[in-house]
Amino acid sequence: MALLDVKNLEVSFGLRSGAVKALRDINFSLERGERIGVVGESGAGKSVLGFSILNLISQPGRISAGDVRFEGKSLQNLNDKDMRTIRGNRIAMIFQDPMMTLNPVLTIGDQMIECLLAHRQISKAAARKIALQKLMQVQIPSPETRLDQYPHELSGGMRQRIVIAIGLLMDPDLIIADEPTTALDVTIQAEIMELMLELCERNNVALILITHDLGVVSQVTQRTMVMYAGRVIEQGPTNEIINDAQHPYTQGLINALPQMGVRGERLQQIRGSMPSLQAIPKGCAFSNRCDYASERCRVIPEFTRSGGCLVACHMVEELVAQSENKAQDGGA
Amino acid sequence: MTQTSSALADEAPTMMQRFVKSHFWHSFKIDRVAQLSFMVFVAYILMALLAPLLAPFDPYDPASIDIMNSELPPSWQEEGESDFWLGTDAQGRDLWSTILYGTRVSLTIGICAVLLQALLGICIGLVAGYVGGKVDSLLMRMADVQLSFSTMMVAIVVLAVFQATFGTQLYQDLAMVMLILVIGIAEWPQYARTVRASVLAEKEKEYVDAARVMGLRAPRIMFRHILPNTLSPILVISTVQVANAIISEAALSFLGLGMPVSQPSLGSLISSGFEFIFSGIWWITVIPGVVLVVLVLVMNLLGDWLRDVLNPKLYKG
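As the structure is a prediction and not an experimental result, all values here were calculated from the model.

Overview of the overall build of chain B
So, point 1. The secondary structure content of chain B amounts to 14 helices and zero strands.
So, point 2. Taken from the N to the C terminus, the helices and strands of chain B come in the order α-α-α-α-α-α-α-α-α-α-α-α-α-α.
So, point 3. Out of the 317 residues in chain B, the part that is buried amounts to 41%.
So, point 4. Pairs at least 24 apart in sequence give 68% of the contacts found in chain B among residues at least 6 apart.

Considering the overall build of chain A
So, point 1. Scanning chain A from terminus to terminus reveals 12 helices and 12 strands.
So, point 2. Against the 2.2 N^0.38 benchmark of 20 Å for 332 residues, chain A shows a C-alpha radius of gyration of 21 Å, consistent with a compact globule.
So, point 3. Expressed along its principal axes, the backbone C-alpha trace of chain A runs to roughly 70 × 50 × 40 Å.
So, point 4. Across the 332 residues that make up chain A, the buried fraction comes to 44%.
So, point 5. For chain A, contacts bridging at least 24 residues in sequence account for 63% of all contacts bridging at least 6.

Observations concerning the interface of chain A and chain B
So, point 1. Between chain A and chain B, the residue contacts involve 23 residues of the former and 18 residues of the latter.
So, point 2. Looking at the side of chain A that touches chain B, the elements with two or more residues in it are α2 (80–86), α3 (98–101), α4 (108–119) and α6 (143–147) of chain A.
So, point 3. Take the side of chain A that touches chain B: its biggest share by element is three residues, from α4 of chain A.
So, point 4. Its residues assigned to classes, the side of chain A that touches chain B shows 10 nonpolar, eight polar and five charged.

Describing the pairing of strand β6 (residues 91–94) of chain A
Residues and elements named next belong to chain A.
So, point 1. Residues I91 and M93 line one face of β6 and the alternating positions A92 and I94 line the opposite face, and both faces are buried.
So, point 2. Relative to strand β7 (residues 174–178), β6 runs parallel, the two being bridged by four bridges. Bridge pairing in β7 links I94 to A177.

A word on helix α6 (residues 95–131) of chain B
So, point 1. A rise of 1.5 Å per residue sets the reference length of α6 of chain B, with its 37 residues, at 54 Å; its end C-alpha atoms lie 52 Å apart and thus fit the reference within 8%.
So, point 2. G132 of chain B sits one or two residues past α6 of chain B and shows a positive phi near 70°.

Brief notes about the environment of I130 of chain A
Residues and elements named next belong to chain A.
So, point 1. Mapped onto the elements, I130 comes out in helix α5 (residues 124–137).
So, point 2. Residue I130 is classed as partly exposed on the basis of its C-beta count, with 17 C-beta atoms lying within 10 Å.
So, point 3. A sequence separation of 14 residues divides I130 from L116, and the C-alpha atoms of the two residues are 8.5 Å apart.
So, point 4. Ignoring sequence-local partners within four residues, the contact set of I130 consists of L116 and L169.

Some points on unusual backbone geometry
Outside of glycine, negative phi angles account for most residues, and trans bonds account for most peptide bonds.
Residues and elements named next belong to chain A.
So, point 1. At Q139, a residue that is not glycine, the phi angle is positive and equals roughly 60°.
So, point 2. Here Q139 is to be found in the loop between α5 and α6.
So, point 3. Positioned with a positive phi, E179 is a non-glycine residue whose angle comes to about 45°.

Thoughts on the confidence of the model for chain A
So, point 1. With 98% of its residues at a pLDDT of at least 70, chain A reaches an overall mean of 86.
So, point 2. No element of chain A has a lower mean pLDDT than helix α12 (residues 316–331) of chain A, at 72, and none a higher one than strand β3 (residues 35–39) of chain A, at 93.

Points about the sheet that holds strand β4 (residues 61–70) of chain A
Either a parallel or an antiparallel arrangement is found when strands of a sheet pair, and the pairing is made through backbone hydrogen bonds.
Residue and element names in this part refer to chain A.
So, point 1. Taken in spatial order, the four strands line up as β2-β1-β4-β5 in an open sheet, and their pairing is antiparallel. Sheet topology places β2 (18–30) and β5 (73–74) at the edges, where each strand pairs with a single neighbour.
So, point 2. Pairing of strand β1 (residues 4–15) with β2 involves nine bridges; the strand directions are antiparallel. Counted as the bridge partner of V11 is L23 from β2.
So, point 3. Relative to β2, helix α1 (residues 46–53) is tilted by about 70°, and along the sheet it contacts β1, β2 and β4.

Remarks on helix α7 (residues 156–168) of chain A
So, point 1. Taking 1.5 Å per residue, 13 residues should reach 18 Å; α7 of chain A reaches 18 Å between its end C-alpha atoms and fits that length.
So, point 2. The secondary structure elements touched by the buried residues of α7 of chain A are β6, α3, α4, α5, β7 and α8 (186–203) of chain A.

A closer look at the sheet that holds β6 of chain A
Residue and element names in this part refer to chain A.
So, point 1. Taken together, the eight strands give an open sheet; going across it, the order is β6-β7-β8-β3-β9-β10-β12-β11, and neighbouring strands pair in mixed fashion. Looking at the sheet topology across the chains shown, the edges are occupied by β6 and β11 (304–306). Pairwise comparison of adjacent strand axes, ignoring direction, gives a mean angle of 20° for this sheet.
So, point 2. In this sheet, strand β10 (residues 231–237) lies alongside strand β9 (residues 223–228) in antiparallel orientation, the contact comprising six bridges. From the neighbouring strand, V226 faces β10, where its bridge partner is E234.

Some words on the confidence of the model for chain B
So, point 1. When pLDDT is averaged across chain B, the result is 84; 94% of the residues are at 70 or more.
So, point 2. Across residues 1–10 of chain B, where pLDDT falls below 50, the model places seven contacts with residues more than four positions away in sequence or in other chains.

With respect to the packing of helix α4 (residues 32–49) of chain B against helix α14 (residues 283–310) of chain B
All names here are of chain B.
So, point 1. For the pair α4 and α14, the least separation of the axes is 9 Å and the interaxial angle reads 135°. By the criterion of interaxial angle, the relationship of α4 to α14 is oblique. Handedness of the crossing formed by α4 with α14: left-handed. Contacts between α4 and α14 involve V33, A34, S37, F38, V40, F41 and Y44 from the former and V294, L295, V298, M299, L301, L302 and W305 from the latter.
So, point 2. Of the residues that constitute the contact of α4 with α14, the class distribution is 13 nonpolar, one polar and no charged.

Observations concerning the nonpolar core
Here is a general trend for soluble globular proteins: nonpolar side chains tend to be buried in one another's company.
So, point 1. Grouped together as the largest cluster of nonpolar side chains are 170 residues, with contacts concentrated most on V38, A177, V226 and Y228 of chain A together with L126 of chain B.
So, point 2. Ranked by residues supplied to this core, first place goes to α6 of chain B with 17 residues.
So, point 3. With residues near it in sequence (within four places) discarded, V226 of chain A still touches V39, G40, V232, I233, E234, Q235, I241, H247, Y249 and T250 of chain A.

With respect to the pairing of strand β8 (residues 206–211) of chain A
Residues and elements named next belong to chain A.
So, point 1. Of all six residues making up β8, six are buried, and the element is well covered by its neighbours.
So, point 2. Burial along β8 is two-sided: the face carrying A206, I208 and I210 and the face carrying L207, L209 and T211 are both buried.
So, point 3. Two strands pair when backbone bridges link them, and β3 and β8 are joined in this way by five bridges, in the parallel orientation. Within β8, the position partnered with V39 by the bridge is T211.
So, point 4. Handedness of the crossover joining β7 and β8 through α8: right-handed.

Each value, and the rule that gives it
- Residues numbered from 1 in each chain as written.
- Chains lettered and ligands numbered in written order.
- Predicted model: local features only at pLDDT ≥ 70, side-chain atom pairs only at ≥ 80, totals over all residues.
- Helix = DSSP H or I, 4+ residues; strand = E, 2+ residues; numbered from the N terminus.
- Buried ≥ 20, exposed ≤ 12 C-beta atoms within 10 Å, placed from the backbone.
- Contact = placed C-beta atoms within 7 Å.
- Rg over C-alpha atoms; globule rule 2.2 N^0.38 Å.
- Nonpolar A, V, L, I, M, F, W, Y, C, P; charged D, E, K, R; others polar.
- Pairing = 2+ DSSP bridges.
- Expected span 1.5 Å × (residues − 1).
- pLDDT = per-residue confidence, 0-100.
- Axes fitted to C-alpha atoms, helices over the stretch in contact; angles between N-to-C directions.
- Parallel < 35°, antiparallel > 145°, perpendicular 65-115°, else oblique.
- Left-handed = near helix turned anticlockwise from the far one by under 90°.
- Core = buried A, V, L, I, M, F, W, Y, C linked by C-beta atoms within 7 Å.
- Right-handed = clockwise from strand over helix to strand, strands pointing away.

Here it is, written out as structure tokens:
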């Protein structure tokens, strides 16, 4: 049985101008210890996906269709009390900005102990011991001092380590990391990602890594989902997606990465920007920015298998043929 | 390992060291007005607390009062007597003792009324801000309705009706409790609005999301996570509200609806001397009046200073 099973998930936000669907038709499942990356532009619905798994979408949003199952149990039908035994306990979430996710007026220790006491019947002293142990796990220097410090006394990287330690407190089965390194500088990013990878592997924790950084995804995850305007448009093993992207959008994302080796060339970018959720073109949401769009793209594309990936694009076969031709031309 | 970690733990600053290094203490050290106000305020508190020790006479004990001593001027005036430093009031009570006890009554009413306001206002404001939606609208409309009655009007009506219904004797016994209740209940919207506004701002911050993701219960998030972050505006309005409550009590006493003459507050002292002021007996009104004004002034000054310290955005150049 899969650890997490998301089926036909749809999230909509009721606005005055009508309901806007932030997520449509999301399907994926996650095994124990598996790490999956969710990539896409800002506004693609990545963070909403993270929150909807925990059933914590704020008003006026709601899960309007579909189902999230955790260990076979549907999370939507749980009452608030049962849901709280899952949140923080079985599924932990790590946010983007460690400056903001720690409460500025409580010490690190207070915040960690509080989380432990909310889920377990243990004494404060025992909770402090566990907190200390977790701080050691995330390799924070002089962990005992940190417990009595306030968040503002620590650096950004250190704070993110503490946020990770809080995430690990209850030995969760799944961690949802919502852009955990975006607010950090590059060297710290690498350290934090390495730490997360190591911790997930050692404790057999599944990870949903939400990010727009393809580099991070390729470093940490086994599978990747690419999201655009609330839909998954391509999913498959990470190395397939990075090395041989099928969907024009994914190709665009990868081409837009700066290459260290090439000098003096203009960075390729995807033209235009993502439409607002109220103005998504009919059919394929990407069609108005896609170089290959045709009449067929007026209809919503189904997933087709291409290479090792599932791709939602009508033009995949043509694209594959084209690139093969190109390769042959190049060879000839 | 244990040795190094305990050594490091020793280096962690104690509460006192943290305080001495803090911005709070630093800005207090350089602000003369704040220092002076604080000293005066502490003097008032000591006066109130130690009134039975400081006062030469017990103004609540009818046996110690001699009507023959009534309306004596302060001792530095020609007709003054050295026993009565600030003179005596119309009933022959030593004014200095009465002021000490009156300060005690005024401060007690002011502080207790504000505690009640804060309790009501903070709970209502937190719930309104955190829950939002219909609950918020309902609670805030209640606050609007409450605010549209002026405190004085509510207090006058309630106290007058109480006095008329239950008689003066019971009223005199319960006057302090009634004043605290009336002033406390009439002014809760001040707190509720301030707290709600801060909660609305705090609620959007990620640490609240993080707390929810941790699986904490809503009351826990409200009181332990959000409330401490809204403390600075609460502290600032508290100082002003205590001053306001003291003024309200004084005004009500002046109108004859406050503390009875047998247990005078500063306000009822002022009013009791008012009828003699035109016959040259100024001290019964003026001296408690000055005491009251200084008390309210230092509280407002402290409140101003506190607001400047706790809100770094209001930087005074």
